[in-house]
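Fold and geometry: a report
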Amino acid sequence: MDQNTREELLRLFNSKLNQAMKFYLETCSRCGMCTHACHVHESMPQVKYIAAYRAEIVRRLYKRYFKKQGRIWPWMGESKELGDVALEELYEAAYSCTGCRRCMVYCPHGIDTQMLMSIAKLLLVGANSEPEILTLLADTSIEKGRSIDLLKTSFMQGVKRLEEEVVKKWKTEAGETTIPVDVEGASLLYVALAGAHSIIPAAAVFNAAKENWTLSFFEAVNFGAFVGDPTKTKLILDRIVNEARRLKVKEVCICECGTAYRVMKQLSGKQPFAVSSVTEVHARYIKEGRIQLDRFAFKDPVTYHDPCQIARNAGVIYEARYILNSLADDYREMSPDPKYNWCCGGGGGLVALGDETLDFRMKSAKVKAEQVNDTGAKILSTACENCHTQLSNLNDHYKMDVRVRFLSSMVADALVQPDALS
Ligand code: SF4
Ligand code: SF4
């Protein structure tokens, strides 16, 4: 690595050093409490998969370049030079961590390995050593934001083709728009993922609840966050923030995408609209009596996988249980305390990397498959697209014999039509 590149990477490293990050970098007491907290290590017990070990890869660079002892006597202590070998170690650490933060709830100091891995990811981006496909996908999202006017017509045509499917789940009155788009003054802006599965059930439930809603032109997923590029994360996020402000909505509802929800909730700053997940919105509709669900719509035993970015990392835990207990006869918890639920093994961009990571994802999530099997459930529900893909892969790989379902689609399937009520 040449000196200019190293200096640029150190500048990026420095940009991450806020007070919290310095605390994480200077605090580890090597107590070992995080050792068994990580699903990767529990499924594949190797030292390199211990949370504290991953952190140490970043910490050694910090000691070398940002602490006095490392700068003056770099050969002393446990500092490490930033070079090609260090980049390889950073890659291995960052892209075998899903950012689930289960280790953090076990750590007596609350050390956030995900945040430390965000330094690793940023250095990889700076060195052009990140997974290229994630950057490519992030750039495509940003470009879509810039040229949205050219894409609007084809988007509207695509949406129109979905209306019939929405009506099958919930009949709309004559004259009502089944999937409203670009409605200024709507109460709620729904940000979906690309694909009918993310739009049809949600539209049916909004219509059933008589919500004054409108569909976003943009997909929720934030590849900038997966690749750990703060500039791209912000540009992708801003497309939705600007759309919400332009339409003057009161609430932005993020579809079943954990990272998109967390990014919007925690990084959009103070805005004139509230941010909610579709799970929170559905729970609210049930509570307020705006939708009625068939209490026995699902007779097979159901369990729920908490998406890390929605549950442990953003606190949406109770709502999913409330929904499932409103539509399933036999709901079974996976973990006595959902805060400690195992990660599915697909976060942090690993699912987006597809087949490239499949073998690692299957091996590293063995404990998740066992946790699901132990419930004896036949339906495995979740509220995140990444988790859904990973759990479906696990289902095939470990022959779990479950049906993996999006929670929102279960809500749509359990809707009780008004004529059934009379
Ligand atoms: S954030 Fe999750 S995947 Fe990463 S080290 Fe901690 S427990 Fe393991
Ligand atoms: S639990 Fe926290 S303090 Fe203990 S070894 Fe792990 S990261 Fe370090």
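Reading the values: the criteria
Residues numbered from 1 in each chain as written. Chains lettered and ligands numbered in written order. Predicted model: local features only at pLDDT ≥ 70, side-chain atom pairs only at ≥ 80, totals over all residues. Helix = DSSP H or I, 4+ residues; strand = E, 2+ residues; numbered from the N terminus. Rg over C-alpha atoms; globule rule 2.2 N^0.38 Å. Buried ≥ 20, exposed ≤ 12 C-beta atoms within 10 Å, placed from the backbone. Contact = placed C-beta atoms within 7 Å. Near = placed C-beta within 6 Å. Nonpolar A, V, L, I, M, F, W, Y, C, P; charged D, E, K, R; others polar. Pairing = 2+ DSSP bridges. Axes fitted to C-alpha atoms, helices over the stretch in contact; angles between N-to-C directions. Arc of directions from axis to C-beta. Core = buried A, V, L, I, M, F, W, Y, C linked by C-beta atoms within 7 Å. Right-handed = clockwise from strand over helix to strand, strands pointing away. Parallel < 35°, antiparallel > 145°, perpendicular 65-115°, else oblique. Left-handed = near helix turned anticlockwise from the far one by under 90°. Domains from an automatic or database assignment.

With that out of the way, let us pick up the overall build of the protein chain. Scanning the protein chain from terminus to terminus reveals 22 helices and eight strands. The C-alpha atoms of the protein chain give a radius of gyration of 22 Å, which matches the 22 Å a tight globule of 422 residues would have. Its C-alpha atoms give the protein chain principal-axis dimensions of roughly 80 × 50 × 35 Å. For the protein chain, with 422 residues in total, the buried portion stands at 49%. Across the protein chain, every contact between residues at least 6 apart in sequence was considered, and the portion connecting residues at least 24 apart equals 77%.

As a matter of local geometry, ligand 2 sits amid 14 residues, with Cys28, Cys31, Met33, Cys34 and Cys107 nearest to it. Here the shell around ligand 2 gets three residues from one element, more than from any other, and that element is helix 4 (residues 51-66). In terms of residue class, the shell around ligand 2 is built from 10 nonpolar, three polar and one charged.

Further remarks concern the sheet that holds strand 5 (residues 302-305). Spatial strand order, 6-5-7-8: four strands in an open sheet with parallel pairing. The strands lining the two open edges of the sheet, one partner per strand, are strand 6 (331-332) and strand 8 (403-406). Note: strand 7 (residues 379-382) against strand 8, four bridges, orientation parallel. Its bridge partner being in strand 8, Leu380 is matched across the sheet by Val404. Each of strand 5, strand 6 and strand 7 is contacted by helix 17 (residues 318-327), which is oriented at about 160 degrees to strand 5, the strand it contacts most.

Within the fold, Lys339 resides in the loop between strand 6 and helix 18 (355-364). Sequence separation between Lys339 and Val105 is 234 residues, and the spatial gap between their C-alpha atoms is 8.0 Å. Contacts of Lys339, omitting those with residues within four sequence positions, involve Val105 and Arg312.

Let us look at the site of ligand 1. Around ligand 1 lies a shell of 15 residues, among which Cys38, Ala51, Cys97, Cys100 and Cys103 are the nearest. Of all the secondary-structure elements, those providing two or more residues to the shell around ligand 1 are helix 4, helix 7 (102-106) and helix 8 (113-126). Along the lines of polarity and charge, the residues of the shell around ligand 1 split into eight nonpolar, four polar and three charged.

What follows concerns helix 6 (residues 84-94). Among the residues of helix 6, those classed as buried are Ala86, Leu90, Ala93 and Ala94. One side of helix 6 holds all its buried residues, which, seen down the axis, span an arc of 85 degrees. Along helix 6, exposed side chains directed more than 90 degrees from the buried face belong to Asp84, Val85 and Glu88. Its buried side turned inward, helix 6 meets helix 4 and helix 8.

Read from one edge of the open sheet, four strands run 2-1-3-4, paired in parallel fashion. Each edge of the open sheet is held by one strand with a lone partner, namely strand 2 (213-215) and strand 4 (274-277). In this sheet, neighbouring strand axes are inclined to one another by 25 degrees on average, regardless of whether the strands run parallel or antiparallel. Of the pairings in the sheet, the one linking strand 1 (residues 188-191) to strand 3 (residues 251-254) comprises four bridges and is parallel in character. Directly across from Tyr190, in strand 3, lies its bridge partner Cys253.

For the rest of this paragraph, the subject is the nonpolar core. Core analysis: the biggest nonpolar cluster contains 132 residues, and Ala120, Tyr190, Val191, Val205, Val252 and Ile254 have the highest contact counts within it. Those residues in contact with Val191 that lie beyond four places of it in its chain are Ser216, Phe218, Ala220, Ile240, Val252, Cys253, Ile254 and Cys255.

The subject of this paragraph is the pairing of strand 1. Residues Leu188 and Tyr190 point to one face of strand 1 and Leu189 and Val191 to the other, with burial holding for every one of them. Taken together, strand 1, helix 12 (residues 196-208) and strand 2 form a β-α-β motif whose crossover is right-handed.

Moving on, we get to the packing of helix 6 against helix 8. At a minimum axis distance of 9 Å, the contact between helix 6 and helix 8 shows a crossing angle of 130 degrees. On the basis of the axis angle, helix 6 is oblique to helix 8. Both helix 6 and helix 8 take part in a crossing whose hand is left-handed. Contacts between helix 6 and helix 8 pair Leu87, Leu90, Tyr91, Ala93 and Ala94 from the former with Met117, Ala120, Lys121, Leu123 and Leu124 from the latter. The class makeup of the residues in the contact of helix 6 with helix 8 is nine nonpolar, no polar and one charged.

Before going further, it helps to examine the pairing of strand 3. When strand 3 meets strand 4, the two strands line up parallel, connected through four bridges. Counted as the bridge partner of Val252 is Val275 from strand 4. Once the chain exits strand 3 it traverses helix 15 (residues 258-267) before rejoining the sheet at strand 4, and the crossover so formed is right-handed.

To continue, consider the packing of helix 14 (residues 230-247) against helix 15. As a packed pair, helix 14 and helix 15 sit with axes 11 Å apart at the nearest point and diverge in direction by 85 degrees. By the angle between their directions, the pair helix 14 and helix 15 is classed as roughly perpendicular. Here Thr233, Leu237 and Ile240 of helix 14 lie close against helix 15, whose contacting residues are Val263, Met264 and Leu267. A class-by-class count of the residues in the contact of helix 14 with helix 15 yields five nonpolar, one polar and no charged.

Here we come to the domain arrangement of the protein chain. Under the domain assignment used here, the protein chain contains domain 1 (3-130), domain 2 (133-287) and domain 3 (302-418). Computed over C-alpha atoms, the centres of domain 1 and domain 3 are 29 Å apart. At the junction of the two partners, domain 1 supplies 13 residues and domain 3 supplies 19 residues. Among the elements that make up the side of domain 1 that touches domain 3, the one with the highest residue count is helix 3 (residues 39-43) (four residues). Along the lines of polarity and charge, the residues of the side of domain 1 that touches domain 3 split into five nonpolar, five polar and three charged.

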